[in-house]
Amino acid sequence: MTRPSGNDPLFKRLAWPLGLTRLGLVAESAVRAFWPLWSIVILAAGLLMLGVQDMLGVEAVWALVCLFAAGALWALIYAVRRFRLPSRQAATERLDATLKGRPLAALQDDQAIGQGDAQSEAVWQAHSARMASRAAEAKAVSPDLKISAFDPFGLRYSALLILAIALLFGSITRVGSVTEMAPGSGAVANAPLWEGWAEPPAYTGKPTLYLADQTETLRVPQGTTITLRFYGDTSALTVTEDVSGRPLTEEAGALDLAESFTIAQSGTLTIDGPGGQSWPVVMEPDGAPRVSISAEPEREADGRMTQRFVARDNYGVVSGSGVIALALENVPRRYGLVLDPEPQEVIELDLPMPISGDRTDFEETIVENFSEHPWANLPVTLTLTVEDELGQTGSTSDFDMVLPGRRFFDPMAAAIVEQRRDLLWNRENGPRIAQVLRAVSHRAESAFRSETAYLRLRVILRRLEAFNEHGISDDQQAEIAEALWDLAILLEEGDLSDALERLRRAQERLSEAMRNGASQDEIAELMQELRDASRDYIDQLARQQQQDGQQGEQSAENQQQGQQGQEMQMTQDDLQRMMDRIQELMEQGRMAEAQQALDELQQMMENMRIAEGQQGQGQQSPGQQAMEGLADTLREQQGLSDQAFRDLQEQQGQGSGAGESQQNEGRSGGQGRGTEHSEGGQGQQGQSGDNQQSQGGEQEGEGQGAGGDQRETLADRQRALRGELQRQQDALPNVGGEAGQAARDALRRAEDAMRGAEDSLRQDDLAGAMDNQSDAMEALREGMRSLGEAMAEEQRQQNGQQGTADAETGQEQRDPLGRRAGSNGQIGTQEQLLQGEDVYRRARELLDEIRRRSGEAERPDEELEYLERLLDRY
């Protein structure tokens, strides 16, 4: 092998990779040789910065100095002996070892055999060219600086850790203190030293300050903690401060001393003595938090209160609370509020805080429902209070308002809620409440839609009168209040299965809302209820029309009436436009016009019902006959329950004589006397019931024996009614599915409840009989509802099979809104919607109308925002 010439062009191109590789070899050799030396130097520097020399005696310090000096000398000798400066050839070999085929070594070789042979020389030249091309791709080799094999215990890392701790918690100024321990310096080994920190409260988010590094005025938040630590002989040091509010001048003792205090005011902090400092301290005060009510309280449709508020603080609000107290001086003292109220605790509530984000300035909303509270809809005062981390508080002034609560638009429900409020206001109102409840329920047939609601009121009234005799306790007061609230909810929301009754109730509630000035949310909720009730009612009429159309051939008179009914048809768009017009008039405050439009809608729906009823005067199906029979049974069971209730009143001496008897009779419409059926036995039962009623009137007050005979007669009538229900179960149409099975199960439960009522009547347990009769009526209603669902499902299946036959005969069924029946027998269809020549013209007209309304600034903000969303979307 021959050494390459310095003028070789290839090696000139490799000079840069070879130079870098050689530098890497130098670094490897230096690291492996000098790592003990710099580890000792780093360890010594870290200990000096931590001030270890200040905590030890001078003898110990000099012993450590000698030890470190000896170690450094050994490390230097070790480094000199191991360090070798790498040669160019070593760098070449390191670089050549990383290349495939060692091209650098190959280029330094000469041809040994075949010289003079042209073919051999050609092969050699090709080989040399290939090696040269590989060598031209050479790159510098990274050095191997790992010395784990030379330092298996990781001593170098220990030294680096101590230096890092010294940089974080020590000071470079402490290194010079070791020179004061030299002979002749005049310093003592235990010279005084100090450290200090200013730590602001964590909630401020500001960093801790190291006092030794502070040369200017200290500006710190209120509540900052100053911590001072002294080392060595500190007898020459004196601490003076007037920032904590308690002036302190204290000389440190001979032992280590830690002093800590909190900044409460601006002032000066001074450490007098060797190495002492002085700082002017400016305290940045933490202002008290502020809170304000940003809007008037709002009431949601369900009675929930929404109250917005704004809170601010320098460093953030921690918590807040609110207190609602009765403003007795603003309460109208009339009716049940004439008496002084019973003591009530103020309403305390927690203010909502932002879960994430900045709490220095935010706006939140209180959402609570106080509908059941005695102060609902009465004048109150609201006071909000917020607190910061320092414990400072800020409050609003008393905000006068009416405590939002649920509003009842059913007159009877509103009256009951008012009596509930009077009872919770003062229990001495009990006799007056009982008198008012008797008065408002005098004509029950016009005041109550549901017999269940009337019976519940009578039970509440009976218990209230019993409590009044002995004084109402707290538990009894709460019991009556809860029962009155549940009754009011029942009357307001209802539990009506009949679509027509729901429609009438929705119309009545909307009319009441017009008279009482309902809010926008309440108007929207009532209008939605009216829309839902109207849709259910129309669907019910449509189902009835389809059922009537499948009864076979009808008479010419029925066909003529059907044609008249077709003339009564109206489109779904017409109905929707009328409802939208009613809502628009109410929102604009034009209540008289809205009431007139509502009356027109009610008349239109009533005409539709009459027309549909005329079309349905054909032959009844077995399902319809079963439903009518069950309805008759339900009415007669109600009559028996009313009669049992009257007997219970007479038995307890709480009846009001013939006047109340006549009233009850008028309310029930004679239902308690029995209903004549087509069967002879049932007709005799009705006659027996009439005779028994007459006998009951003649024998009133004659003694317990007559009452027992009357109870036996009621038991016989209950048994006869149970037998009629058994006959009706046997005659039920064969309907399948879950709904059909549910109907049969419900009727069996009704039969069991009737049997229990019969047994209770024979045992003279009128209260138990009334409970069983109530269960029987509830089961009957459930059975009728399930039977109706089963019949409707069967009807839909039949309509799917009949559609083809109707198409062949050219007949086309329509519902009362003029909609075609769907392909599967469903009401309504999506066919031919938005078809025809005028579709685009109509869409353009609607868009122009939306643009016009969005430009009217006098419209409500909610409507303008809605119109803008429509324009953005379309």
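Quick caveat: nothing in here was measured; it's all calculated off a predicted structure. (Residues numbered from 1 in each chain as written. Predicted model: local features only at pLDDT ≥ 70, side-chain atom pairs only at ≥ 80, totals over all residues. Heavy atoms only, no water.)

## Description of the overall build of the chain
Here is the rule we go by: The helix count covers DSSP runs of H or I at least four residues long, the strand count covers runs of E at least two residues long, and both are numbered beginning at the N terminus. Between buried and exposed lies partly exposed: a residue is buried under 20% and exposed over 50% of the maximum accessible area for its type, with that area taken using a 1.4 Å probe on protein chains only.
Helix and strand counts for the chain stand at 26 helices and 18 strands. Every one of the 874 residues in the chain was classed for burial, and the buried ones make up 38%.

## Quick look at the packing of aromatic side chains
To be explicit about the condition: Note on aromatic contacts: the rings of Phe and Tyr and the six-membered ring of Trp form a pair at centre separations within 6.5 Å, being stacked when their planes are under 30 degrees apart, edge-to-face when over 60 apart, and tilted otherwise.
Using the criterion set out here, one finds 7 aromatic pairs in the structure. Centre to centre, the rings of W194 and W279 are 5.9 Å apart; their planes meet at 80°, and the pair counts as edge-to-face. With W194 in strand β1 (residues 193-199) and W279 in strand β9 (residues 278-284), this residue pair connects regions lying 85 residues apart in the sequence. Exposure class is identical for W194 and W279. Each is buried.

## Overview of a negative patch on the surface
For clarity, the threshold we go by: To count toward a patch, a residue needs a relative accessible area over 30% and no salt bridge; like charges are then connected within 9 Å, while nonpolar side chains (Val, Leu, Ile, Met, Phe, Trp, Tyr) are connected within 5 Å. Computed with a 1.4 Å probe, the accessible areas rest on the Shrake-Rupley method; for each residue, only the protein chains presented here act as cover. A side-chain nitrogen of Lys or Arg and a carboxyl oxygen of Asp or Glu constitute a salt bridge if their distance falls within 4 Å. His is not counted, nor are the chain ends; Lys and Arg add positive charge and Asp and Glu add negative charge. Here the site of a charge means NZ on Lys, CZ on Arg, CG on Asp, or CD on Glu.
Judged by side-chain charge, E298, D521, E525, D861, E862, E865, E868 and D872 come together as a negatively charged surface patch. Among the secondary structure elements, those contributing two or more residues to the negative patch are α15 (520-549) and α26 (861-873). A per-element tally of the negative patch places α26 first, with 5 residues. As for its placement among the helices and strands, D861 is situated in helix α26.

## Examining unusual backbone geometry
In the Ramachandran plot, N377 falls in the positive-phi region, its phi being about 65° despite a non-glycine side chain. Note that N377 resides in the loop between β15 (361-369) and β16 (379-388).

## Quick word on the confidence of the model for the chain
Note the threshold: pLDDT is a residue-level measure of predictor confidence that goes from 0 to 100. Residue contacts follow a heavy-atom distance rule, with two residues in contact if any of their heavy atoms lie within 4.5 Å.
Residues of the chain with pLDDT of at least 70 account for 75%, and the chain-wide mean is 75. Confidence drops under a pLDDT of 50 for residues 1-7, and excluding neighbours within four residues, the segment shows 11 contacts in the predicted structure. With pLDDT under 50 throughout, residues 610-619 is counted as low confidence; its partners more than four residues away or in other chains account for 22 contacts.

## Focus: the environment of G303
Mapped onto the fold, G303 is located in the loop between β11 (298-299) and β12 (304-312). Sequence spacing of G303 and R407 is 104 residues, and the spatial spacing of their C-alpha atoms is 6.8 Å. Not counting residues within four places of it along the chain, the set of residues in contact with G303 comprises N369, S371, P404, G405 and R406.

## Things to note about the nonpolar core
Our working definition: We call a set of buried Ala, Val, Leu, Ile, Met, Phe, Trp, Tyr and Cys residues a nonpolar core when their side-chain atoms join them within 4.5 Å.
Ranked by size, the top nonpolar core spans 32 residues in total, and within it L630, L725, L747, M754, L761, L780 and L787 carry the most contacts. Secondary structure elements with two or more residues in this core: α19 (622-651), α22 (704-730), α23 (737-762) and α24 (766-809). Counting residues per element, this core draws most heavily on α24, at 11 residues. Of all hydrophobic cores here, the second largest spans 26 residues; its members include F408, A413, I460 and L461.

## Focus: the environment of E789
Of note, E789 is situated in helix α24. In sequence terms E789 and G737 are 52 residues apart; their C-alpha atoms lie 9.8 Å from each other.

## Re the pattern of salt bridges
Under the counting rule described, the total for this entry stands at 30 salt bridges. Between E479 and R463 there is a salt bridge; the shortest N-O distance is 2.9 Å. You can see E479 sitting in helix α13 (residues 474-493) and its partner R463 sitting in helix α12 (residues 451-470), a full 16 residues away along the chain. Residue class for E479 comes out partly exposed when judged on its relative accessible area of 33%. One network of salt bridges, in which partners are shared, links E849, R852, R853, E856, R859 and E863.

## A look at the packing of helix α9 (residues 411-425) against helix α10 (residues 430-440)
To keep things clear, this is the line we draw: Between N-to-C directions, angles span 0 to 180 degrees; the directions come from axes that are lines fitted to C-alpha atoms, helices contributing only their stretch in contact. Orientation is classified from the angle alone, with under 35 degrees giving roughly parallel, over 145 giving roughly antiparallel, 65 to 115 giving roughly perpendicular, and any other angle giving oblique. Throughout this entry, Asp, Glu, Lys and Arg are counted as charged residues, while Ala, Val, Leu, Ile, Met, Phe, Trp, Tyr, Cys and Pro are counted as nonpolar. The remaining residues, Gly among them, count as polar.
Between α9 and α10, whose axes approach to 10 Å, the crossing angle comes to 175°. By the angle class used here, α9 and α10 are roughly antiparallel. Across the interface between the two elements, M412, I416, Q419, D422 and L423 from α9 touch R432, I433, V436, L437 and V440 from α10. Of the residues belonging to the contact of α9 with α10, the class tally is 7 nonpolar, 1 polar and 2 charged.

## A short note on the pairing of β9
Rule in force here: Pairing between two strands is assigned when DSSP locates at least 2 bridges connecting them.
Along β9, the buried face is formed by W279, V281 and M283; none of S278, P280, V282 and E284, which line the opposite face, is buried. Here 4 bridges tie strand β8 (residues 267-272) to β9, and the two strands are oriented antiparallel to one another. Following the sheet pairing, T270 is matched in β9 by S278. Joining the antiparallel neighbours β8 and β9 is a turn of 5 residues, in which G273 adopts a positive phi near 130°.

## Let's talk about the packing of helix α2 (residues 15-50) against helix α4 (residues 58-82)
What counts here: Crossing handedness follows the turn of the near helix against the far one: under a right angle anticlockwise gives a left-handed crossing, and clockwise gives a right-handed one.
Axis separation between α2 and α4 bottoms out at 7 Å; the angle between their running directions is 165°. Relative to α4, α2 is oriented roughly antiparallel. Relative to α4, α2 is oriented so that their crossing is left-handed. Each of S29, R32, A33, F34, W35, P36, L37, I40, L43, A44 and L47 in α2 lies in contact with α4, whose residues at this interface are F68, G71, A72, W74, A75, L76, Y78, A79 and R82. Residues that form the contact of α2 with α4 fall into these classes: 16 nonpolar, 2 polar and 2 charged.

## Thoughts on α2
Quick note on the threshold: Here the bend at a residue means the angle between the axes of two seven-residue stretches, the one that ends at it and the one that starts at it.
A bend of about 55° at F34 is the largest found in α2, and the proline P36 appears one to four places after it. Downstream of α2 by a residue or two, G51 has a phi angle that is positive, lying close to 80°.

## With respect to the side chain of T306
Mapped onto the elements of the fold, T306 is located in strand β12. Those residues in contact with T306 that sit more than four places away from it in its chain are E296, P297, E298, E300, T365, I366 and V367.

## Some thoughts on the side chain of Q637
Position of Q637 relative to the elements: it lies in helix α19. For Q637, the residues in contact, after removing those within four places along its chain, are Q718, L721, M754, Q773, A776 and M777.

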